Amino acid sequence: RLCLRSARPWQGDARIGSLWDVVLRDLTRTWKLPMLADHCHVSGEHLRRLCLRELGRTPMEHVTYIRIQRARELLETHSDKLEVVAAQVGYRSADVFTRAFIRCVGMPPSDYRARSVQDGAAPPAITS
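The paragraphs below set out a description of the structure included in this document. (Residues numbered from 1 in each chain as written. Predicted model: local features only at pLDDT ≥ 70, side-chain atom pairs only at ≥ 80, totals over all residues. Heavy atoms only, no water.)

### Description of unusual backbone geometry
The phi angle of most residues is negative, glycine excepted, and most peptide bonds adopt the trans form. Rules: A helix here means a DSSP run of H or I that spans at least four residues, while a strand means a run of E at least two residues long, and both kinds are numbered starting from the N terminus. Accessibility here uses a 1.4 Å probe with only protein chains present; expressed as a share of the type maximum, an area under 20% marks a residue as buried, one over 50% as exposed, and anything in between as partly exposed.
Its identity is not glycine, yet His41 carries a phi of approximately 60°, on the positive side. Within the secondary structure, His41 sits in the loop between helix 2 (33-40) and helix 3 (44-55). Accessibility expressed as a relative area gives 70% for His41, which makes it exposed.

### As for the nonpolar core
The line we're drawing: Nonpolar cores were defined as sets of buried Ala, Val, Leu, Ile, Met, Phe, Trp, Tyr and Cys residues, with membership established by side-chain atoms within 4.5 Å. Any two residues having at least one pair of non-hydrogen atoms within 4.5 Å are treated as being in contact.
In terms of nonpolar packing, the biggest core is built from 32 residues, with Trp20, Val23, Leu47, Ile68, Phe97 and Phe101 touching the most fellow members. Those elements that place two or more of their residues in this core are helix 1 (19-25), helix 2, helix 3, helix 4 (59-77), helix 5 (82-88) and helix 6 (94-105). With six residues, helix 4 is the single largest residue contributor to this core. Excluding residues that lie within four positions of it along the chain, Leu47 makes contacts with Ile16, Leu19, Leu33, Leu36, Ala37, Cys40, Val42 and Pro59.

### Some details on the state of the cysteines
The line we're drawing: Here, the term disulfide refers to a pair of cysteine sulfur atoms separated by no more than 2.5 Å.
In total, this model carries zero disulfides according to the counting rule given. Looking at Cys40, it has no disulfide partner, and the nearest cysteine sulfur is the one in Cys51, 7.6 Å off.

### Some points on the pattern of salt bridges
The criterion, for reference: Here, a salt bridge means any Lys or Arg side-chain nitrogen found within 4 Å of an Asp or Glu carboxyl oxygen.
Within the structure shown, the criterion is met by five salt bridges. Arg48 is paired through a salt bridge with Glu45; the nearest N and O atoms lie 2.7 Å apart. Remark: Glu45 and Arg48 occur in helix 3; sequence separation between them is three residues, near one turn of the helix. Classification of Glu45 as partly exposed rests on a relative accessible area of 37%. Across the pair Arg49 and Glu45 runs a salt bridge, and its minimum N-O distance is 3.6 Å. In this pair, Arg49 and Glu45 are both assigned in helix 3, four residues apart and thus about one turn of the helix distant. Several salt bridges share partner residues, and in doing so they unite Glu45, Arg48 and Arg49 into one network.

Spelled out as structure tokens, the structure:
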């Protein structure tokens, strides 16, 4: 599944080492593969191969992973409505955000938030 792969630290090509920091700082941008590749001065196909080798997912899957990880943080620490959280992590619709969140985490964001505030209940991890 898209987000169910575990994260590994970036250990590869220095040209793309900072890419994920740039994405994290601007999650609301509509990221596309050509934009990501241009940032690194590599072709889209080369970036795809590097990401698959280093991260186990494509660049666009990793953008989604970063967005969902940030959404998890926001759901755990803020009481904003889902529409607000969705917009903060780059989704134009709460419905699209909810579908992506379920696909990655295995439960709706509202259930995740409720579970994360319960005493003693650890939020589920995104794993393979």
